[in-house]
Amino acid sequence: MKRAMLLIALFCAAALAGHVFVLNAVPRIIMNKAMTKMQARGVPVHGFALSARTTQETQTVVRPSPDLAYSICLYDLKDGGPLTIYAAPYDGYASVSFFDARTNNFASVRVGEGDEAAGAKLTLHREAQDMMESPGRQIISPGRKGIILIRRLAPTQAEYDKVVEISKNDRCEPAKY
Amino acid sequence: MKRLTLYTLTTVAGFVLGGALALQMSGLIGQRSALVFADVNVDGWVSDWSISSASADGYTRARVARHGLLALSKTEAVYFTRKTDNNGETLRETCDYALTGGAQDALWWSITLYDAQSRLPANSDKALSIDATQIGRNDSWSAVISKTRPDVGPWISSRAAGTFDLTLRLYRPDADIIDNPNAALNAPKLSKLKCEGEL
C-alpha cells in the first residue's frame, strides 16, 4: 500500500515536471530551429539580410505575408556588448520588431514617425547594462539571443525593388564606442 | 534492482505523459486546431489577443511558436483567421467564394490565403493575397477566391491549397479594435459561389 502510494506520487510529480518542461522547451526549440534555418539560408548574426520576396517557394516561417519585405538580423549578446541598429527610412509602412529566444515580441519601433522620421536609430543591450553612453532609443533584450525584424510594405515587385536599395543602408552591428 | 527499475519506469512514464499532455493542450498534437483557443471571434474571424504578449501563458506561447512565429503584439498588428464560410462550411479549393468588405480602421490591411499547414499554397498565380493598396480606401469592395482567375476584379488564388484558411492582418489598428473588436472591426463577409460538380 505504501509502495503504491509512493509510485502514484512519483508518477504525478514526473508528469508535472514533464508538462512544465515541454511548455518551456517548445517555443525555444521552434525559435532555435527557425534561427538555424535562417542562418543556413544566409542570414548573418549581427547584420541585416533582406529575404527574397515572399512566395510559396521562399517562405521560411509559417504564415508569412507576401505583401511585406522582411529584413532579418540574428543577434547573440554572448560578449555582453550592445548592438547598434539602424533601419533606413521608407516611404510606406515600416517597423523594427525584436523577438527573444522564447518568441516574445519584446519591443517594436515604428520607422518614419516622431524621433524615427529619419530612420530608426536603436541600441540593443542585455539586461542591467549601463546605457548612459548609447545613442538613439535604448532597448533591453530579456535574453542573450533573438531576432530583429524590419518589415516594410512592398506588395509589388517595383516596391520590393525599392526596398532592395533602401535596405542596403540598414545596420545591425556591435556598438563602436 | 527490481524496485529501482519500477521507480525509473514510473518516472519516465509520468514525464512522457505530462509532456504529451502539454503538447495536446497547446494544440500541437491531436486534432485540436490552433483556432480552438481563440479568445476573440468577430463574425467567424477569430484571433488570440495574447499573441506575442509577454504575459501569454505557456500553452499560448507554444501554439504561437508553431502557428505564428514572429507575430507582432497587438498594438502594432492584429491577426484574424477564418476557416469557414458564412454558413460554417470548411473552405476548400474545389469551391469558389465571394469575399466582400469595407474600409478598415488601420494604417494597412491584407487578407492572405494559407493551406492546412499554415503555408502559402504551392501555385505560381501571383495572387496570394489582397491588400489595402490594391483595394484603395473604398467603403465597399469585393474579391473572388477561386482556382482560376476571374474575368474582372481582385482575386486570391486557391489553386493547390486543398482545405485552407484566410488571415486578415490589420497593421497599426485603431485602439477601438483592440479594446472592443466585436463593435469596431468591419469584418469581411465570405460566401460560397459554387463548388465543382455543382451546376
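Every chain's residues receive numbers from 1 upward, in the order its sequence appears when written. Think of it this way: whatever chain is written first is A, whatever ligand is written first is 1, and the rest follow in order. The predicted nature of this model means local features are confined to residues of pLDDT at least 70 and side-chain atom pairs, given and counted, to a pLDDT of 80 or more, with totals for whole chains, interfaces and linings taken over all residues. Each side-chain value is derived from all of the structure's non-hydrogen atoms; neither hydrogens nor water enter the calculation.

K.L.:
Just checking my understanding: could you explain the pairing of strand 9 (residues 164–173) of chain B for this structure?
P.N.:
Each regular strand carries side chains that alternate between the two faces of the sheet. Residues and elements named next belong to chain B. When you tally the buried positions in strand 9, you get ten out of ten residues, the bulk of the element. Any two strands with at least two DSSP bridges between them are considered paired. Helix and strand assignments follow DSSP, with helices taken as H or I runs no shorter than four residues and strands as E runs no shorter than two, numbered in order from the N terminus. Relative to strand 9, strand 3 (residues 77–82) is paired through six bridges, and the arrangement is antiparallel. The residue of strand 9 that forms the bridge with A77 is Y171. Of the pairings in the sheet, the one linking strand 5 (residues 106–115) to strand 9 comprises nine bridges and is antiparallel in character. Within strand 9, the position partnered with S110 by the bridge is R169. Residue exposure (1.4 Å probe, protein chains only): buried if accessible area is under 20% of the type maximum, exposed if over 50%, otherwise partly exposed.

K.L.:
Whenever I open this one, the domain arrangement of chain B confuses me. Can you help?
P.N.:
For an interface, size is often stated in terms of accessible area lost upon the parts coming together. Per the annotation, domain bounds derive from an automatic or database assignment of domains. Parsing chain B into structural domains produces domain 1 (1–32) and domain 2 (33–195). On a C-alpha basis, the centroid separation for the pair domain 1 of chain B and domain 2 of chain B is 36 Å.

K.L.:
Sorry if this is basic, but what is going on with the nonpolar core here?
P.N.:
As a rule of thumb, nonpolar side chains are buried together in soluble globular proteins. Membership of the largest hydrophobic core comes to 57 residues, with the highest contact counts inside it found for F80, L99, I111 and L166 of chain B. Every residue in contact with F80 of chain B, bar those within four places of it in the chain, is listed here: V40, V42, W45, V46, S47, W49, L166, T167, L168, L170 and L185 of chain B. Judged by nonpolar contacts, the second largest core, of 25 residues, contains L83, V109, L122 and V163 of chain A. To qualify as a nonpolar core, a set must consist of buried Ala, Val, Leu, Ile, Met, Phe, Trp, Tyr and Cys residues joined through side-chain atoms within 4.5 Å. Contacts are assigned to residue pairs that have any heavy atoms within 4.5 Å of one another.

K.L.:
In this structure, what is going on with unusual backbone geometry? I would like to understand it.
P.N.:
In terms of backbone geometry, most residues other than glycine have negative phi values and most peptide bonds are trans. For T103 of chain A, which is not glycine, the phi torsion reads 80° and is therefore positive. Inspection of the secondary structure puts T103 of chain A in the loop between strand 4 (94–100) and strand 5 (105–110). Residue classification places T103 of chain A among the buried residues on the basis of a relative accessible area of 8%. Of note in the backbone geometry, S118 of chain B takes a positive phi value of approximately 65° without being a glycine. Along the chain, the position of S118 of chain B falls in the loop between strand 5 and strand 6 (129–131). Judged by its relative accessible area of 5%, S118 of chain B is buried.

K.L.:
Explanation requested: the sheet that holds strand 10 (residues 189–195) of chain B in the structure shown.
P.N.:
Residue and element names in this part refer to chain B. Taken together, four strands build an open sheet; the order of strands is 8-7-4-10 and the sheet is mixed. In this open sheet, the two strands that pair with only one neighbour each are strand 8 (155–157) and strand 10. Each neighbouring strand pair of the sheet contributes to a mean axis angle of 20°, computed without reference to strand direction. Angles run from 0 to 180 degrees between N-to-C directions of axes, and those axes are lines fitted to C-alpha atoms, restricted for helices to the stretch in contact.

K.L.:
Got a minute to help me understand the pattern of salt bridges in this structure?
P.N.:
Oppositely charged side chains may form a pair once their charged atoms are brought near each other. For this analysis, a salt bridge means a side-chain nitrogen from Lys or Arg found within 4 Å of a carboxyl oxygen belonging to Asp or Glu. In the structure shown here, the tally under the stated rule is eleven salt bridges over all chains. The salt bridge partner of D43 of chain B is K189 of chain B, with a shortest N-O separation of 3.7 Å. You can see D43 of chain B sitting in the loop between strand 1 (40–42) and strand 2 (45–47) and its partner K189 of chain B sitting in strand 10, a full 146 residues away along the chain. Of the charged contacts in the structure, one is a salt bridge between K147 of chain B and E196 of chain B, with a shortest N-O distance of 2.7 Å. In this pair, K147 of chain B is assigned in the loop between strand 7 (141–146) and strand 8 and E196 of chain B in the segment after strand 10, connecting sequence segments 49 residues apart. Residues participating in the shared-partner salt-bridge network are R110 of chain A together with E76 and R172 of chain B.

K.L.:
Just checking my understanding: could you explain the interface of chain B and chain A for this structure?
P.N.:
With 60 residues of chain B in contact, the opposing surface of chain A contributes 49 residues. Buried area counts how much accessible surface, traced with a 1.4 Å probe, disappears from two parts once they are put together, with both parts' losses summed. Regarding the contact of chain B and chain A, the summed buried area is about 4,500 Å², with carbon and sulfur atoms giving 64% of it. Joining chain B to chain A, the criterion identifies two salt bridges. For this analysis, a polar contact is any N or O atom pair within 3.5 Å, provided that within protein one partner can donate a hydrogen and the other can accept it, and provided that sequence-adjacent residues contribute only side-chain to side-chain pairs. Taken together, the links from chain B to chain A amount to 20 residue pairs in polar contact (both at pLDDT 80 or more). For the side of chain B that touches chain A, the elements supplying multiple residues, two or more each, are helix 1 (2–25), helix 2 (58–67), strand 3, strand 5, strand 6 and strand 9 of chain B. In this classification, Asp, Glu, Lys and Arg are treated as charged, Ala, Val, Leu, Ile, Met, Phe, Trp, Tyr, Cys and Pro as nonpolar, and every other residue, Gly included, as polar. Of the residues in the side of chain B that touches chain A, the class split is 28 nonpolar, 23 polar and nine charged.

K.L.:
Would you explain the sheet that holds strand 6 (residues 120–126) of chain A in this entry?
P.N.:
Two orientations exist for strands paired in a sheet by backbone hydrogen bonds: parallel and antiparallel. Residue and element names in this part refer to chain A. An order of 7-6-3-9 is seen for the four strands of this open sheet, with the pairing classed as mixed. The open sheet terminates on both sides in strands that have one partner only, identified here as strand 7 (137–141) and strand 9 (171–174). Neighbouring strand axes in the sheet, compared pairwise and without regard to direction, differ in orientation by 25° on average. In this sheet, strand 6 lies alongside strand 3 (residues 83–87) in antiparallel orientation, the contact comprising five bridges. Considered in strand 6, the bridge of L83 is made with L124.

K.L.:
Help me understand the state of the cysteines, please; the structure alone is not making it clear to me.
P.N.:
Working definition of a disulfide: a covalent bond connecting the sulfur atoms of two cysteines. Residues and elements named next belong to chain A. The definition used for a disulfide is geometric: two cysteine sulfur atoms within 2.5 Å. Taken as a whole and assessed by the stated rule, the structure comprises two disulfides over all chains. A disulfide bridge connects C73 with C172, and the sulfur atoms are separated by 2.0 Å. Torsion about the S-S bond of the C73 and C172 cystine: about -50°, corresponding to left-handed handedness. Taken together, the residues span a long stretch of sequence, with C73 in strand 2 (residues 68–76) and C172 in strand 9 at a distance of 99 residues. Taken as a pair, C73 and C172 share a single burial class, namely buried.

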